[in-house]
Number of protein chains: 2
Amino acid sequence: MGGTGAVRDMEEARVGTAAHEVLAVVFQVRAGRLCVLLWRRARPPFEGDWVLPGGRLGADEGLGQSMRRQLAQKVDVRDLAHLEQLETRGAPDRHPEGRTLATAYLGLVPAHNEPVIPGDTAWHAISELPPMGFDHAAIVHSGRRRLRAKLSYTNIGFALAPPEFTMSQLSGYYRAALGHDVAATNLRRVLLRRGQIEETGRSVPSGRSGGRPAAVFRFRVSHLEVTDEFAVLRPPPKRAEKIY
Amino acid sequence: MGGTGAVRDMEEARVGTAAHEVLAVVFQVRAGRLCVLLWRRARPPFEGDWVLPGGRLGADEGLGQSMRRQLAQKVDVRDLAHLEQLETRGAPDRHPEGRTLATAYLGLVPAHNEPVIPGDTAWHAISELPPMGFDHAAIVHSGRRRLRAKLSYTNIGFALAPPEFTMSQLSGYYRAALGHDVAATNLRRVLLRRGQIEETGRSVPSGRSGGRPAAVFRFRVSHLEVTDEFAVLRPPPKRAEKIY
DNA sequence: TCAAAAGTGTTTTGTTTACACCCATGC
DNA sequence: GCATGGGTGTAAACAAAACACTTTTGA
């Protein structure tokens, strides 16, 4: 146990009361790779290891509210296009200095944003995570699974892409997040069909190597929506008498 | 604030420490309807209202462990076919007697189990929820959404159905959980194709009104599995060079 | 023999992937 | 004019829903 002494010991003995922290898995696609924002611990335990940004829940804060406040110290909150709760971990031994529950959030920063971040934080590709403290590496992987799943049936791409983009750029963000190739030509049709994206009418000039100018798209809504709810077992379309 | 006085006040003032409880949304299909197990509060706040079973997190318990312990006082844990974490709520004012975080779980009891439950608990159809205390009604609806979604792309039906069943029974459980009709004939083919269910080889005699005897099926695995992961945007089947 | 319930065969529909081909631009 | 992407058209693959028809039983 740490050096806080009697006060902490008394608290821990009391059933049902525990320290609570919030942690953020903030992803951004950078240079074609899915990256997560990590913070380097300057003192034990896990000194020198990397951990998720976050901290103690304030006395009168909601969880999401606390997460945004803590994150504001690392990234400008305006850069965060999406934030959702991921999971809560409460293994009694997850924190060596005493019982601490942690509620993790998934946050997304659109590509090409370059938020100012403190010197002790850095973006790390999730394919090459550095040594990480506590159970934070596992939480990063939870976040990746969540993002990956939601790319299939929601419009969550809006939080990965900048406000305007070409289809080949967008397929790059999908590729980075999903971990496999995504054909721009088909992605375009799927997202258009689902009404997720629309053309701006403009196009970007082709690069020095030539090629047809690419049309510029944008997402139609910039908050999470389920766009493909019933992959299967969908309700009968006509006379759909719901039973509740 | 409640009358606990100085001790509680001191705790609440201390940043990062809060009471923590676990709550269970336990569903069972009963008489063709999706029902949730509720507990009737005997004292304020919300006296007489119905709430989710649960209670304070113990000093050295994990969250899931605590949930199982608390649930054991309401339903026999052997009756619980599935338990998964749902969400954590931490609004500062969610509990009138003082800051309390709650981590909710989703639990499923297979149909036709008849667990012994205490006199102050009862099953309520979710289409006719009684007046409920705290934010528990919202948590019930979170649970229903989760169940409904997972029926589409996982084998979670195993936790709704008894060990053996006919297809028309199974379609009844799906109907109750999804809220719309599910044709037994197509459900059979979908679940067989996905390898979720298999025939036992036996059949049940037809009822007094005649009819062909129904084949008896069972789920092949009785833990959660994703059986239809990439509804769309699936990775290329051949030469699927994953990038991580 | 008829009604009832289960199960099979087949068609239709919808969605996504694959792939060939056409388009617009820089050099 | 030709290489280089971008974009369209179209076919193929696949899965699920709809529906007609067959099977097996009780009365």
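Rules used in this analysis
Residues numbered from 1 in each chain as written. Chains lettered and ligands numbered in written order. Predicted model: local features only at pLDDT ≥ 70, side-chain atom pairs only at ≥ 80, totals over all residues. Heavy atoms only, no water. Helix = DSSP H or I, 4+ residues; strand = E, 2+ residues; numbered from the N terminus. Contact = heavy atoms within 4.5 Å. Near = heavy atom within 4 Å. Polar contact = N/O pair within 3.5 Å; in protein donor to acceptor, adjacent residues only side chain to side chain. Nonpolar A, V, L, I, M, F, W, Y, C, P; charged D, E, K, R; others polar. Pairing = 2+ DSSP bridges. Axes fitted to C-alpha atoms, helices over the stretch in contact; angles between N-to-C directions. Buried < 20%, exposed > 50% of the residue type's maximum accessible area, 1.4 Å probe, protein only.

As recorded in an unreviewed UniProt entry, chain A goes by 8-oxo-dGTP diphosphatase and comes from Nocardiopsis composta.

A. Up close: the overall build of chain A. For chain A, the helix and strand inventory stands at five helices and ten strands. Across chain A, contacts joining residues at least 24 apart in sequence account for 66% of those joining residues at least 6 apart.

B. Expanded view of the protein's contact with DNA strand D. Neighbouring residues of DNA strand D: 26 residues in total, closest A:R189, A:G211, A:R212, A:A215 and B:R193. Residue A:R189 places a side-chain N or O atom 2.7 Å away from a base oxygen belonging to DNA strand D. For the surface near DNA strand D, the elements supplying multiple residues, two or more each, are helix 5 (184–193) and strand 10 (214–219) of chain A together with helix 5 (184–193) of chain B. Of the residues contributing to the surface near DNA strand D, the split by class is seven nonpolar, ten polar and nine charged.

C. Spotlight on the sheet that holds strand 10 of chain A. Residues and elements named next belong to chain A. Taking strand neighbours across the sheet as the criterion, the three strands line up as 8-10-9 in an open arrangement whose pairing is antiparallel. The strands lining the two open edges of the sheet, one partner per strand, are strand 8 (165–166) and strand 9 (197–204). Relative to strand 10, strand 8 runs antiparallel, the two being bridged by two bridges. Within strand 10, the position partnered with F165 by the bridge is F217. With respect to the sheet, helix 5 is in contact with strand 9 and strand 10, its orientation differing from that of strand 9 by roughly 130°.

D. Local environment of the pairing of strand 2 (residues 33–40) of chain A. All names here are of chain A. As defined by bridge partners, strand 1 (residues 17–30) adjoins strand 2 across four bridges and the pair is classed as antiparallel. If you follow Q28 over to strand 2, its bridge partner there is C35. As defined by bridge partners, strand 2 adjoins strand 7 (residues 121–125) across five bridges and the pair is classed as antiparallel. The residue bridging V36 from the neighbouring strand is H124, located in strand 7. Bridge analysis of strand 2 against strand 3 (residues 50–51) gives two bridges, and the strand direction is antiparallel. Across the sheet, residue R40 finds its bridge partner in strand 3, namely W50.

E. Quick look at the side chain of A:T200. All names here are of chain A. On the secondary structure map, T200 appears in strand 9. Note on T200: relative accessible area 17%, which makes it buried. There is a polar contact of 3.2 Å between the side chain of T200 and the backbone nitrogen of R202. In this structure, T200 is in contact with E164, V216, F217 and R218, ignoring residues within four places of it in sequence.

F. How the structure looks around the environment of A:H82. Residues and elements named next belong to chain A. By the secondary structure assignment, H82 is in strand 5 (residues 82–89). Residues H82 and A159, spaced 77 residues apart in sequence, show a C-alpha to C-alpha distance of 5.9 Å. Setting aside residues up to four positions removed in sequence, H82 forms contacts with L106, G107, L108, I156, F158, A159 and L224. A distance of 2.7 Å separates the side chain of H82 from the side chain of E84, its partner in a polar contact.

G. View of the protein's contact with DNA strand C. Near DNA strand C there are 25 residues, and of these A:R193, A:R194, B:S168, B:R189 and B:A215 occur at the shortest range. What you see for DNA strand C is that sugar and phosphate hold 70% of its atoms within 4 Å of the protein. Measuring from a base nitrogen of DNA strand C, one finds a backbone N or O atom of B:G211 at 3.2 Å. Of all the secondary structure elements, the ones that give two or more residues to the surface near DNA strand C are helix 5 of chain A together with helix 5 and strand 9 (214–219) of chain B. Grouping the constituent residues of the surface near DNA strand C by class yields seven nonpolar, nine polar and nine charged.

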